[in-house]
Amino acid sequence: MHRRHALWWVAAALALAVGACAPAAPAQPPVAAVPAPQDLTAPSSATPLAALAPAPLDARAVTAGIEETLRRRANAARRGDEAAFMATIDQQNLTWKRVQNEIFQKSRGSIAAGRVLRVQQHRGPYLRAWIDA
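Residue positions within a chain follow its written sequence, with the count starting from 1. With the structure being a predicted model, the display of local features is reserved for residues of pLDDT at least 70 and the display and counting of side-chain atom pairs for 80 or more, all residues being used for whole-chain, interface and lining totals. Each side-chain value is derived from all of the structure's non-hydrogen atoms; neither hydrogens nor water enter the calculation.

Remarks on the overall build of the protein chain
Alright, step 1. A tally of helices and strands in the protein chain yields 5 helices and 2 strands.
Alright, step 2. The helix count covers DSSP runs of H or I at least four residues long, the strand count covers runs of E at least two residues long, and both are numbered beginning at the N terminus. Mapped in sequence order, the helices and strands of the protein chain form the string α-α-α-α-α-β-β.
Alright, step 3. In the protein chain, buried positions account for 14% of the 133 residues.
Alright, step 4. Contacts in the protein chain between residues at least 24 apart in sequence constitute 43% of all its contacts with a sequence separation of at least 6.
Alright, step 5. Areas reported here follow the Shrake-Rupley algorithm with a probe of radius 1.4 Å; residue values treat only the protein chains shown as occluding. Entry remark: accessible area of the protein chain is about 11,000 Å², with carbon and sulfur atoms responsible for 61%. We call a residue buried when its accessible area falls under 20% of the maximum for its residue type, exposed when it is over 50%, and partly exposed in between, using a 1.4 Å probe and counting protein chains only. Pairs of residues are marked as contacts when any of their non-hydrogen atoms sit within 4.5 Å.

Encoded structure:
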């Protein structure tokens, strides 16, 4: 018998032995019937297909928001205000926070505000921006 088959038999025997020694599970309430899958191409009042698509990109508003954040970041660096500088960084991305903290420490207040060249819809709710610093 091959080793792989022997290991399978050992695993099956252990599963049976453990099952035989385990206490009986309490009776479970009956499971509700699962509804049939919906046809997403058919019109539905519950979830229209337009609601699943991302909202159209308002490039002017996005550009203004990014440039305002870049100005706040540059001003905070000039003032030496580390807390204000770090408030412009994604707090969920710990690696990026560390990198930006190093940039703040080495910049000595010489971080330019930058200008957004263009923005583009990326994956899902994310946007990609090209910035001229």
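A short note on the nonpolar core
Alright, step 1. Among buried residues, the Ala, Val, Leu, Ile, Met, Phe, Trp, Tyr and Cys ones that are joined through side-chain atoms within 4.5 Å form a nonpolar core. Among the nonpolar cores identified, the biggest contains 7 residues, and these are Ala-76, Ala-77, Phe-85, Met-86, Ile-89, Phe-104 and Ile-111.
Alright, step 2. Elements with a minimum of two residues in this core: α3 (59–79) and α4 (82–86).
Alright, step 3. Not counting residues within four places of it along the chain, the set of residues in contact with Ile-111 comprises Arg-73, Ala-74, Ala-77, Arg-78, Phe-85 and Ile-103.

Examining the packing of α3 against helix α5 (residues 94–107)
The packing of two helices is summarised by the inter-axis angle and the distance between the axes.
Alright, step 1. Put simply, α3 and α5 touch, their axes get as near as 9 Å, and they point 50° apart. The angle between the axes of α3 and α5 places the two elements in the oblique class. For the pair α3 and α5, the sense of crossing is right-handed. Here Arg-73, Ala-76 and Ala-77 of α3 lie close against α5, whose contacting residues are Gln-100, Ile-103, Phe-104 and Ser-107.
Alright, step 2. Charged means Asp, Glu, Lys or Arg here, nonpolar means Ala, Val, Leu, Ile, Met, Phe, Trp, Tyr, Cys or Pro, and polar covers whatever is left, Gly included. Looking at side-chain class alone, the contact of α3 with α5 contains 4 nonpolar, 2 polar and 1 charged residues. To get an axis, fit a line to the C-alpha atoms, keeping to the stretch in contact for a helix; angles then go from 0 to 180 degrees between the N-to-C directions. Every angle not falling under 35 degrees, over 145, or within 65 to 115 is termed oblique; those three ranges are roughly parallel, roughly antiparallel and roughly perpendicular. When the near helix sits turned anticlockwise from the far one by under a right angle, the crossing is termed left-handed; a clockwise turn instead gives a right-handed crossing.

Regarding the environment of Lys-97
Alright, step 1. When you line up the elements, Lys-97 lands in helix α5.
Alright, step 2. On the basis of relative accessibility, which here comes to 24%, the residue Lys-97 falls in the partly exposed class.
Alright, step 3. With 10 residues separating them in the primary sequence, Lys-97 and Ala-87 have C-alpha atoms 9.9 Å apart.
Alright, step 4. Ignoring sequence-local partners within four residues, the contact set of Lys-97 consists of Met-86, Ile-89, Asp-90 and Gln-91.

Looking at the side chain of Arg-73
Alright, step 1. If you trace the backbone, Arg-73 turns up in helix α3.
Alright, step 2. Buried and unpaired, Arg-73 has no salt bridge, with Glu-102 as the nearest side chain of opposite charge at 12 Å.
Alright, step 3. Whenever a nitrogen or oxygen atom comes within 3.5 Å of another N or O atom, the pair is scored as a polar contact, on the condition that within protein one atom can donate a hydrogen and the other can accept it, and that pairs from neighbouring residues in sequence are kept only if both atoms are in side chains. A distance of 2.5 Å separates a polar atom in the side chain of Arg-73 from a polar atom in the side chain of Gln-100.
Alright, step 4. Among all residues touching Arg-73, those that are not within four sequence positions of it are Phe-85, Thr-88, Ile-89, Gln-100, Ile-103 and Ile-111. Under the counting rule used here, the positive set is Lys and Arg, the negative set is Asp and Glu, and His together with the chain ends is not counted. Criterion for a salt bridge: a side-chain nitrogen of Lys or Arg within 4 Å of a carboxyl oxygen of Asp or Glu.

As for the packing of aromatic side chains
Alright, step 1. The pairing test for Phe, Tyr and Trp rings, Trp by its six-membered ring, is centres within 6.5 Å, and the orientation test on the planes gives stacked under 30 degrees, edge-to-face over 60, and tilted for anything in between. For the coordinates displayed, the defined rule picks out 1 aromatic pair.
Alright, step 2. Here the aromatic rings of Phe-85 and Phe-104 are separated by 5.0 Å at their centres, their planes lie at 40°, and the arrangement is tilted. Here the residue Phe-85 occupies a position in helix α4, and Phe-104 occupies one in helix α5, the gap between them amounting to 19 residues. For the residue pair Phe-85 and Phe-104, the accessibility class agrees, reading buried in each case.

Observations concerning the side chain of Ser-107
Alright, step 1. For Ser-107, the location among the structural elements is in helix α5.
Alright, step 2. Owing to a relative accessible area of 9%, Ser-107 belongs among the buried residues under this scheme.
Alright, step 3. At 3.0 Å, the side chain of Ser-107 forms a polar contact with the backbone oxygen of Phe-104.

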